[in-house]
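# Breakdown of the fold
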Amino acid sequence: EPEVTQTPSHQVTQMGQEVILRCVPISNHLYFYWYRQILGQKVEFLVSFYNNEISEKSEIFDDQFSVERPDGSNFTLKIRSTKLEDSAMYFCATSLKTGTGRAGELFFGEGSRLTVL
Amino acid sequence: TQLLEQSPQFLSIQEGENLTVYCNSSSVFSSLQWYRQEPGEGPVLLVTVVTGGEVKKLKRLTFQFGDARKDSSLHITAAQPGDTGLYLCAGAKGGATNKLIFGTGTLLAVQP
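Please read all numbers here as calculations on a predicted model, not as lab measurements. (Residues numbered from 1 in each chain as written. Chains lettered and ligands numbered in written order. Predicted model: local features only at pLDDT ≥ 70, side-chain atom pairs only at ≥ 80, totals over all residues. Heavy atoms only, no water.)

### Observations regarding the overall build of chain A
Within chain A, the regular secondary structure consists of 0 helices and 11 strands. The secondary structure elements of chain A, listed N-terminal to C-terminal, are β-β-β-β-β-β-β-β-β-β-β. Radius of gyration (C-alpha) of chain A: 14 Å, near the 13 Å computed for a compact globule of 117 residues. With the C-alpha coordinates of chain A rotated into their principal frame, the extents come out at 40 × 25 × 25 Å. Here chain A holds 117 residues, and the buried ones make up 43% of them. Once local pairs closer than 6 in sequence are excluded, the contacts in chain A between residues at least 24 apart make up 54%. With an accessible surface of roughly 6,000 Å², chain A has 46% of that area assigned to carbon and sulfur atoms. (Helix = DSSP H or I, 4+ residues; strand = E, 2+ residues; numbered from the N terminus. Rg over C-alpha atoms; globule rule 2.2 N^0.38 Å. Buried < 20%, exposed > 50% of the residue type's maximum accessible area, 1.4 Å probe, protein only. Contact = heavy atoms within 4.5 Å. Areas by Shrake-Rupley, 256 points an atom, 1.4 Å probe, with all protein chains shown as cover.)

See the structure below:
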């Protein structure tokens, strides 16, 4: 079954360092998302991306965050200068379409655990 | 702010028991998805409900979407230890993006 793959599975970084998290979407999916889950808290929406543009972002997704799809396959989340509170699991998700029904369903990767020291 | 409250937060039951998890909101959603999440892994989609009043069954799991599309329930019959995990509901508003609002989660432990 097609799946979303994420790398790295775990990254430890020093506060202030840049981090790039990578995601390979399901091949025919067109909509891409990043969510994060701080330990013990609920999953939170960060950003959605379609046609090489951000279509929606949350308040969490400030100027320190950016997304791109540089080579048409990988979808990346960059955190420019990490803070302690960025420590979380970051999940990439993809969907074939938007809207209701099966085509709009989101499929999640296994996550990248980011630890900021 | 759109919130999805799940209850109970924690549930520990014996194998063979039945249980129901509730997902409630004051907002209307175009669809609602239920996920199961294992520790250290991503949410895995179980089902999507779209129509108010819709009932979907997945083996021993029964999902219902409220008539007003503001709430949903997950009922598990004859729970098994393999059902142990974190159950998440997530509502979608639809439209240009499929941004999901996730519920607070219900952690289920089924004891053998």
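### Here we look at the nonpolar core
The biggest cluster of nonpolar side chains holds 22 residues, and the ones touching the most others in it are Trp34(A), Leu46(A), Phe61(A), Val67(A), Phe75(A), Leu77(A) and Tyr90(A). The set of elements that each furnish at least two residues to this core consists of β3 (19-24), β4 (31-37), β5 (44-50), β7 (65-68), β8 (75-79), β9 (88-95) and β11 (112-116) of chain A. Contacts of Phe75(A), omitting those with residues within four sequence positions, involve Leu21(A), Arg22(A), Cys23(A), Pro25(A), Phe32(A), Tyr33(A), Trp34(A), Phe49(A), Val67(A), Glu68(A), Arg69(A) and Cys92(A). Val21(B), Cys23(B), Leu74(B) and Ala79(B) belong to the second largest nonpolar core, which has 21 residues in total. (Core = buried A, V, L, I, M, F, W, Y, C linked by side-chain atoms within 4.5 Å.)

### Points about the environment of Pro2(A)
All names here are of chain A. Within the element layout of this structure, Pro-2 appears in the segment before β1 (5-7). Since its relative accessible area comes to 58%, Pro-2 is described here as exposed. In this structure the C-alpha to C-alpha distance between Pro-2 and Ile-26, which are 24 residues apart in sequence, comes to 6.0 Å.

### What about the state of the cysteines?
Using the criterion set out here, one finds 2 disulfides over all chains in the structure. The side chain of Cys23(A) participates in a disulfide bridge whose partner is Cys92(A); the two sulfur atoms lie 2.0 Å from each other. Since a negative S-S torsion denotes a left-handed disulfide, the Cys23(A)-Cys92(A) link at about -60° is left-handed. Taken together, the positions of Cys23(A) in strand β3 and Cys92(A) in strand β9 put the pair 69 residues apart, joining distant regions of the chain. We note that Cys23(A), like Cys92(A), is buried. A sulfur-sulfur distance of 2.0 Å marks the disulfide that ties Cys23(B) to Cys89(B). Classification of the bridge connecting Cys23(B) and Cys89(B) rests on its S-S torsion, roughly 80°, and on that basis the disulfide is right-handed. Of this pair, Cys23(B) sits in strand β3 (residues 19-24) while Cys89(B) sits in strand β9 (residues 85-92), and the two are 66 residues apart along the sequence. (Disulfide = S-S within 2.5 Å.)

### So, the interface of chain B and chain A
The interface of chain B with chain A comprises 24 residues on the first partner and 24 residues on the second. In this assembly, chain B packs against chain A so that about 1,900 Å² is buried in total across both faces, 57% of it on carbon and sulfur atoms. Our count for the contact surface shared by chain B and chain A stands at 1 salt bridge. The shortest N-O distance in the salt bridge between Lys99(B) and Glu56(A) comes to 3.5 Å. (Buried area = accessible area lost by both parts, 1.4 Å probe. Salt bridge = Lys/Arg side-chain N within 4 Å of Asp/Glu carboxyl O.)

### Quick notes on the pattern of salt bridges
All names here are of chain A. Across all of its chains, the model carries 5 salt bridges over all chains by this definition. In this structure, Arg-36 engages Glu-44 in a salt bridge whose closest nitrogen and oxygen atoms are separated by 3.3 Å. A relative accessible area of 10% places Arg-36 in the buried class. On the accessibility criterion, Glu-44 (22% relative accessible area) is partly exposed.

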